[in-house]
Amino acid sequence: AQTVTQSQPEMSVQEAETVTLSCTYDTSESDYYLFWYKQPPSRQMILVIRQEAYKQQNATENRFSVNFQKAAKSFSLKISDSQLGDAAMYFCAYRSPLNAGGTSYGKLTFGQGTILTVHP
Amino acid sequence: NAGVTQTPKFRVLKTGQSMTLLCAQDMNHEYMYWYRQDPGMGLRLIHYSVGEGTTAKGEVPDGYNVSRLKKQNFLLGLESAAPSQTSVYFCASSYGTRDGYTFGSGTRLTVV
């Protein structure tokens with residue numbers, strides 16, 4: 001079974017600075033997708049960024065970028081020019097399109113989450 | 001607005017009571033999921049559905065049942081609520097298995 005580990009329960013950053021959130025995962029599959037989700041105090045889960053395992057190029061979305069190291073099974077999120085609105089819980093997640101039987105059900109497996117605090 | 005709608009948003013139950021959480025999506029998504037979120041444990045899959053009329057167990061299915069009679073709706077039932085089921089419940093959906101999910105806004109359930 002796949003597992004996702006976020007080893008930083010909490011992180012903090014000064015406004016306008018850069019912060020990196022860590023994520024590692026364990027899998028024997030070659031075809032999979034990785035995601036970062038943001039959960040602000042409103043509780044809503046918001047997709048931040050998506051990475052396809054077969055693409056070597058790191059995904060970017062405005063101030064958010066990832067460092068995807070497939071061999072090391074590492075998928076970190078970098079937030080540049082941090083803003084107060086970035087304060088939230090961040091979840092790393094893994095999705096495989098296929099299960100062992102070849103029937104897709106595409107379960108997302110989540111890490112434990114990292115609480116990010118942004119200081120003004 | 002298109003999306004995933006969960007009802008209710010908050011609920012307090014007494015031990016032993018039953019309830020149903022409703023999830024509705026208007027995006028014609030095939031895949032639907034129910035998760036629970038507990039502190040320090042991330043989100044854990046309760047049940048899921050890969051299409052109308054199908055359901056299957058996830059990681060933590062005990063004490064829950066689901067139904068998907070219509071493609072747009074996915075219901076989560078608690079037959080006899082227990083304090084261990086106090087949690088935040090999320091419904092999510094996706095068109096395929098290579099995308100991220102679209103999440104509902106969650107239901108905070110307290111069982112006393």
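Bear in mind that the values here come from a model prediction, so they are computed numbers and not experimental data.

### Quick word on the interface of chain A and chain B
Facing 21 residues of chain A, the contacting portion of chain B comprises 29 residues. For the pair chain A and chain B, the summed buried area comes to about 2000 Å², and 51% of that belongs to carbon and sulfur atoms. Considering only the surface of chain A that becomes buried against chain B, R43(A), R95(A) and Y105(A) emerge as the three largest contributors, covering 33% of it. On the surface where chain A and chain B come into contact, there are 2 salt bridges. The shortest N-O distance in the salt bridge between E59(B) and K107(A) comes to 3.6 Å. Scanning the region where chain A abuts chain B turns up 16 residue pairs in polar contact (both at pLDDT 80 or more). Taken together, the elements giving at least two residues each to the side of chain A that touches chain B come down to β5 (33–39), β10 (88–95) and β11 (108–110) of chain A. Considering every element that reaches the side of chain A that touches chain B, the biggest residue donor is β5(A), with 4 residues. Looking at the side of chain A that touches chain B residue by residue, the class counts come to 9 nonpolar, 7 polar and 5 charged.

### Thoughts on the pattern of salt bridges
Enumeration over the complete set of coordinates arrives at 9 salt bridges over all chains. A salt bridge links D31(A) to R98(B), with the shortest nitrogen-to-oxygen separation between them at 2.9 Å. Of this pair, D31(A) sits in the loop between β4 (24–26) and β5 while R98(B) sits in the loop between β9 (87–94) and β10 (102–103), on two different chains. Look at D31(A) and you get partly exposed, because its relative accessible area is 26%. The class of R98(B) is partly exposed, set by a relative accessible area of 35%. In this structure, K71(B) engages E30(B) in a salt bridge whose closest nitrogen and oxygen atoms are separated by 2.9 Å. With K71(B) in the loop between β7 (64–67) and β8 (73–78) and E30(B) in the loop between β3 (19–25) and β4 (31–37), the pair connects residues that are 41 residues apart, well separated along the chain. Using a relative accessible area of 29% as the deciding quantity, one classes E30(B) as partly exposed. What emerges from the salt-bridge pattern is a single network uniting R50(A), E52(A) and K55(A).

### A short note on the side chain of T27(A)
Residues and elements named next belong to chain A. Mapped onto the secondary structure, T27 falls in the loop between β4 and β5. Only 3.1 Å separates the side chain of T27 from the backbone nitrogen of E29, close enough to count as a polar contact. Looking at T27, its side chain comes within polar contact range of the side chain of Y94, at 2.7 Å. Filtering out sequence-adjacent residues up to four positions away, T27 remains in contact with Q2, Y32, K73 and Y94.

### Remarks on the state of the cysteines
Residues and elements named next belong to chain A. Applying the stated rule across the entire model yields 2 disulfides over all chains. With a sulfur-sulfur separation of 2.0 Å, C23 is cross-linked through a disulfide to C92. One quick way to see it: the torsion about the S-S bond of C23 and C92 is about -70°, and its sign makes the bridge left-handed. Of this pair, C23 sits in the loop between β3 (19–21) and β4 while C92 sits in strand β10, and the two are 69 residues apart along the sequence. C92 sits in the buried class, given a relative accessible area of 0%.

### Re the nonpolar core
Counting 25 residues, the largest nonpolar core has Y25(A), W36(A), F75(A), L77(A) and Y90(A) as its most contacted members. Elements with a minimum of two residues in this core: β3, β5, β6 (46–52), β8 (64–69), β9 (74–79), β10 and β12 (114–119) of chain A. Per-element tally for this core: the top contributor is β10(A), with 4 residues. Residue contacts for Y90(A): discarding those within four places in its chain leaves Q6(A), L21(A), W36(A), Y37(A), K38(A), V48(A), F64(A), L77(A), I79(A), G113(A), T114(A) and L116(A). Membership of the second largest hydrophobic core comes to 19 residues, among which are Y37(A), M45(A), Y101(B) and F103(B).

So, how was this worked out
Residues numbered from 1 in each chain as written. Chains lettered and ligands numbered in written order. Predicted model: local features only at pLDDT ≥ 70, side-chain atom pairs only at ≥ 80, totals over all residues. Heavy atoms only, no water. Contact = heavy atoms within 4.5 Å. Buried area = accessible area lost by both parts, 1.4 Å probe. Salt bridge = Lys/Arg side-chain N within 4 Å of Asp/Glu carboxyl O. Polar contact = N/O pair within 3.5 Å; in protein donor to acceptor, adjacent residues only side chain to side chain. Helix = DSSP H or I, 4+ residues; strand = E, 2+ residues; numbered from the N terminus. Nonpolar A, V, L, I, M, F, W, Y, C, P; charged D, E, K, R; others polar. Buried < 20%, exposed > 50% of the residue type's maximum accessible area, 1.4 Å probe, protein only. Disulfide = S-S within 2.5 Å. Core = buried A, V, L, I, M, F, W, Y, C linked by side-chain atoms within 4.5 Å.

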